[in-house]
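Observations on the model geometry
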Amino acid sequence: MNKNLYTSSYLDDLGDIMTIKIPDSMDEVVYWTTRKIGEGQIKAWAYREDCPECGKAKMGKPQGEKGNVKIRATYYECPLCKHTIDKKPYEDSLTAQIMYTCPKCKFKGETEVPYKRKKYQGVDSIVFSCGKCAEKIPITKKLKGIGEKD
Ligand SMILES: [Zn+2]
Ligand SMILES: [Zn+2]
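How each quantity is defined
- Note that residues are indexed from 1 along each chain, following the sequence as it is written.
- Going through the entries in the order they are written, you letter the chains from A and number the ligands from 1.
- Local features are withheld for residues below a pLDDT of 70 in this predicted model, meaning they are given only at 70 or higher, and side-chain atom pairs are given and counted only at 80 or more; totals for whole chains, interfaces and linings count all residues.
- Under the definition applied here, buried Ala, Val, Leu, Ile, Met, Phe, Trp, Tyr and Cys residues are grouped into a nonpolar core through C-beta atoms within 7 Å.
- With C-beta atoms placed from the backbone, a residue is labelled by how many other C-beta atoms lie within 10 Å of its own: buried for 20 or more, exposed for 12 or fewer, partly exposed between the two.
- Strands here are runs of E lasting at least two residues and helices are runs of H or I lasting at least four, both read from the DSSP assignment and numbered beginning at the N terminus.
- Contact criterion: two residues are in contact if their C-beta atoms, reconstructed from the backbone, are within 7 Å.
- The pairing criterion for strands is at least two bridges between them, as found by DSSP.

A separate point is the nonpolar core. Counting residues in hydrophobic clusters, the biggest one holds 16 residues, and the most contacted among them are A44, A46, A96, I98 and I126. Of all the elements in the fold, those that place two or more residues in this core are β1 (29–37), β2 (40–47), β5 (95–101), β8 (123–129) and β9 (136–140). For this core, the element with the highest residue contribution is β2, accounting for 4 residues. Every residue in contact with A44, bar those within four places of it in the chain, is listed here: T33, A96, Q97, I98, I126 and I139.

This is the structure in structure tokens:
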């Protein structure tokens, strides 16, 4: 698919629609969620990205002395050069990949949007639009549960 063919900003938002890939392991992502919204369904995730400093490793939550990952840390660290970035600017720079069934028109599609939460009806959400009917679909922030990635 040649994205230069697209001229409207709406289609540009769809980006590289063919490159979406479900992660093989939870180690590859900083975010993973599955939701049911009415009769629709959403799977969404955001891959960890390379260290902007050395470019040789994926940024991740820092590890403690025993090799345990500090899940509650408020920053990400490069395991090689130890470059750190605060959680928010790092996560805001990531891309969320989404596979969905639209709750309104039942269209099955894929899309990518910035992994950045906006207020949607007062709730922090990643919002995307259905590729067919343009319905705005929010992925609201869930309350944290034990062992959840969200
Ligand atoms: Zn690095
Ligand atoms: Zn739709």
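Our next topic: the pairing of β2. Side-chain direction in a regular strand flips from residue to residue, so the side chains alternate between the two faces of the sheet. Direction of pairing for β1 relative to β2: antiparallel, over a ladder of 8 bridges. Note on β2: the bridge partner recorded for W32 is W45. The hairpin formed by β1 and β2 contains 2 residues between the paired strands, and G38 there has a positive phi angle of roughly 55 degrees. Where β2 lies against β5, 6 bridges are found, and the strand directions are antiparallel. Pairing of I42 across the sheet is with Y100, part of β5.

Here β5 runs beside strand β6 (residues 108–114); their pairing, made up of 7 bridges, is antiparallel. Bridge pairing in β6 places T95 opposite P114. Between the end of β5 and the start of β6, which pair antiparallel, lie 6 residues, with K106 showing a positive phi angle near 70 degrees.

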